[in-house]
Amino acid sequence: MFPLTEENKHVAQLLFGTGTCPRCIFRFCGVDFHAPYKHSYEELLNDIQKFLKDELILEVPNPPLKKIRLQELEDGIDNPSQNGENKISVIEDGSIASPNSNLNVNVCNVCLGILQEFCEKEFIKKVCQKVEASGFEFTNLVFSVSFPPQLSVREHAAWLLVKQEMGKQSLSLGRNDIVQLKEAYKWITYPLFSEELGVPIDGKSLFEVSVVFAHPETVGDCHFLGKILPDCFKPAQNKQSVFTRMAVMKALNKIKEEDFRKQFPCPPNSPKAVCTVLEIECAHGAVFVAGRYNKYSRNLSQTPWIIDGERKLESSVEELISDHLLTVFKAESFNFSFSGREDVDVRTLGNGRPFAIELVNPHRVHFTSQEIKELQQKINKSSNKIQVRDLQLVSREAIGHMKEGEEEKTKTYSALIWTNKVIQKKDIEFLNDIKVV
Ligand SMILES: [Zn+2]
């Protein structure tokens, strides 16, 4: 069902006439149920035109222009690629470009195409292909999206415009009355991702897919804020630009309405091209494996022994264990931790010393207990210098427990002593009386 009513007509007309897309119009009209956003873009465009048609042609201040725009959309003059093919292409370096997208529809002056082609099935499919090609094992996923900061500036400008229009009808529009772009994007794309990949979207998932959008054409949109409110834009380490989303938001909360209006067009002007996809990244949160090891060699260090770039010993306990785990979990890197340490020439006997390893960005994470057992056997067969037991997948918290245990545990040392005089009973008593501090 079409969600707008007579009440929304003025606002819808104003926004549509200034180059705003149907979904952004819904957002500014406070449509907060998901269904209307999920219709195809063509359908929405059709519906909104039908909704506005008569009045749009009669009432707009600049009729010829609007007529042309509507006519174009109806006739598809500016839509040479009707079948939608080649709209988005994955290029060699893995980024996604949409070179012809601006020919298909007028690019929305508020969302810069985010709620246009970037929520269509075709784009979702391209992202999913990248996810599948990444080779990660996952049973659910969390999706994160990053929009260019100037979108907030454009959103602000559109808000001021609509607020003014509603004010004429003695109506008010708070910033929170508008449906957030991110929310609407989620409503549309989450079900599509879930369906395409066959797994649920779950905020707690360790597997994250992130998409970063940019819009080079309008990067300058934020710059005036830096001149008016320099305090909001302090250079920070690791940030390429001072115009981060957070800083822009902060400045928009501070700036006076009249100052903003003087500096930035309300409505925002129409861009030529839609956003570009800067990157699509997949990453899996770390998994942890723990166990105990015995060391039988008096010529093996616990961690790689390298001095001034020169390796002193061929291998180490850490390497003998982690090499296998890294391969099997297809992880990017690892962090090893031991409960205590021993010297190169000391053996570790008894039940063995606890260890844990954090496997960073693992591509494979699901193992049966049988597979873990086989992995342990593989490690044990590969060297007679160490043996591993109780190998198991553990939680991050368990690593903390191992480190705590390091403080409390008791250790037993055996030592064989040579002396040049015969040991008497009183010598043993003397030794026993020594208290360890
Ligand atoms: Zn839009």
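Residues numbered from 1 in each chain as written. Predicted model: local features only at pLDDT ≥ 70, side-chain atom pairs only at ≥ 80, totals over all residues.

**Topic: the overall build of the protein chain**
1) Next: Secondary structure summary: the protein chain contains 15 helices and 11 strands in total.
2) Next: Within the protein chain, buried positions represent 30% of all 437 residues.
3) Next: A fraction of 75% describes how many contacts in the protein chain between residues 6 or more apart in sequence connect residues 24 or more apart. (Helix = DSSP H or I, 4+ residues; strand = E, 2+ residues; numbered from the N terminus. Buried ≥ 20, exposed ≤ 12 C-beta atoms within 10 Å, placed from the backbone. Contact = placed C-beta atoms within 7 Å.)

**Re the environment of Leu-326**
1) Next: Positionally, Leu-326 belongs in helix α12 (residues 317-329).
2) Next: With 18 C-beta atoms packed within 10 Å, Leu-326 lands in the partly exposed category.
3) Next: Taking the C-alpha atoms as reference points, Leu-326 and Ile-357, 31 residues apart in sequence, are found 9.9 Å from one another.
4) Next: Setting aside anything within four residues of it in sequence, one finds Leu-326 in contact with Ala-331 and Phe-334.

**Side note on the confidence of the model for the protein chain**
1) Next: Model confidence for the protein chain is summarised by a mean pLDDT of 85, while 88% of its residues fall at 70 or above.
2) Next: Below pLDDT 50 for its whole length, residues 55-104 participates in 60 contacts with residues either more than four positions away or in separate chains. (pLDDT = per-residue confidence, 0-100.)

**Let's talk about helix α8 (residues 181-197)**
1) Next: Between its terminal C-alpha atoms α8 stretches 24 Å, which fits the 24 Å expected from 17 residues at 1.5 Å a residue.
2) Next: At Thr-189, α8 shows its largest bend, some 35°, and a proline, Pro-191, comes one to four positions later.
3) Next: Along α8, the positions that sit buried rather than exposed are Leu-181, Ala-184, Tyr-185, Ile-188, Thr-189 and Phe-193.
4) Next: Looking one or two places after α8, you find Gly-198, whose phi comes out positive at around 70°. (Expected span 1.5 Å × (residues − 1). Bend = angle between axes of the 7 residues up to and from the residue.)

**Comments concerning the environment of Ile-228**
1) Next: Relative to the helices and strands, Ile-228 is located in helix α9 (residues 223-228).
2) Next: Distance from Ile-228 to Asp-259, taken between C-alpha atoms, is 8.5 Å for residues 31 residues apart in sequence.

**Observations regarding unusual backbone geometry**
1) Next: With an omega dihedral of 5°, the bond running from Cys-266 to Pro-267 counts as a cis peptide bond.
2) Next: With respect to the helices and strands, the residue Pro-267 is situated in the loop between α11 (257-263) and β5 (276-284).
3) Next: Phi is positive for Ser-170, close to 60°, though the residue is something other than glycine.
4) Next: As for its placement among the helices and strands, Ser-170 is situated in the loop between α7 (150-168) and α8.

**Describing the packing of α12 against helix α13 (residues 369-382)**
1) Next: Axis separation between α12 and α13 bottoms out at 9 Å; the angle between their running directions is 140°. It follows that α12 is oblique to α13 by the angle criterion. In this structure, α12 meets α13 at a crossing whose hand is right-handed. Contact residues: α12 offers Ile-321, His-324 and Val-328, while α13 offers Leu-375, Lys-378 and Ile-379.
2) Next: Here the contact of α12 with α13 is composed, by residue class, of four nonpolar, one polar and one charged. (Axes fitted to C-alpha atoms, helices over the stretch in contact; angles between N-to-C directions. Parallel < 35°, antiparallel > 145°, perpendicular 65-115°, else oblique. Left-handed = near helix turned anticlockwise from the far one by under 90°. Nonpolar A, V, L, I, M, F, W, Y, C, P; charged D, E, K, R; others polar.)

**What to know about the sheet that holds strand β6 (residues 287-295)**
1) Next: In space, the four strands of this open sheet follow the order β9-β10-β6-β11, with antiparallel pairing throughout. Looking at strand neighbours, the two that pair on one side only are β9 (333-338) and β11 (386-394), the edges of this open sheet. Averaged over all pairs of adjacent strands, the angle between strand axes in this sheet comes to 25°, irrespective of strand direction. (Pairing = 2+ DSSP bridges.)

**Structural notes on the pairing of strand β10 (residues 348-360)**
1) Next: Two elements, β6 and β10, share eight bridges in a ladder whose sense is antiparallel. Across the sheet, the residue bridging to Ala-290 is Ala-356, located in β10.

**Things to note about the environment of Pro-36**
1) Next: Structurally, Pro-36 is set in the loop between α2 (22-28) and α3 (41-59).
2) Next: Separated by 33 residues in sequence, Pro-36 and Pro-3 place their C-alpha atoms 6.6 Å apart.
3) Next: What Pro-36 contacts, discounting residues up to four positions off in sequence, is Pro-3, Phe-26 and Val-31.

**A short note on the packing of helix α1 (residues 9-17) against α7**
Relative orientation and spacing of two packed helices are given, respectively, by the angle between their axes and the distance between those axes.
1) Next: One way to put it is that α1 packs onto α7 with a least axis distance of 10 Å and a crossing angle of 145°. For the element pair α1 and α7, the recorded crossing hand is right-handed. In this structure, α1 uses His-10, Val-11, Leu-14 and Leu-15 to contact α7, whose residues at the interface are Leu-161, Val-162, Glu-165 and Met-166.
2) Next: Tallied by class, residues from the contact of α1 with α7 come to six nonpolar, one polar and one charged.

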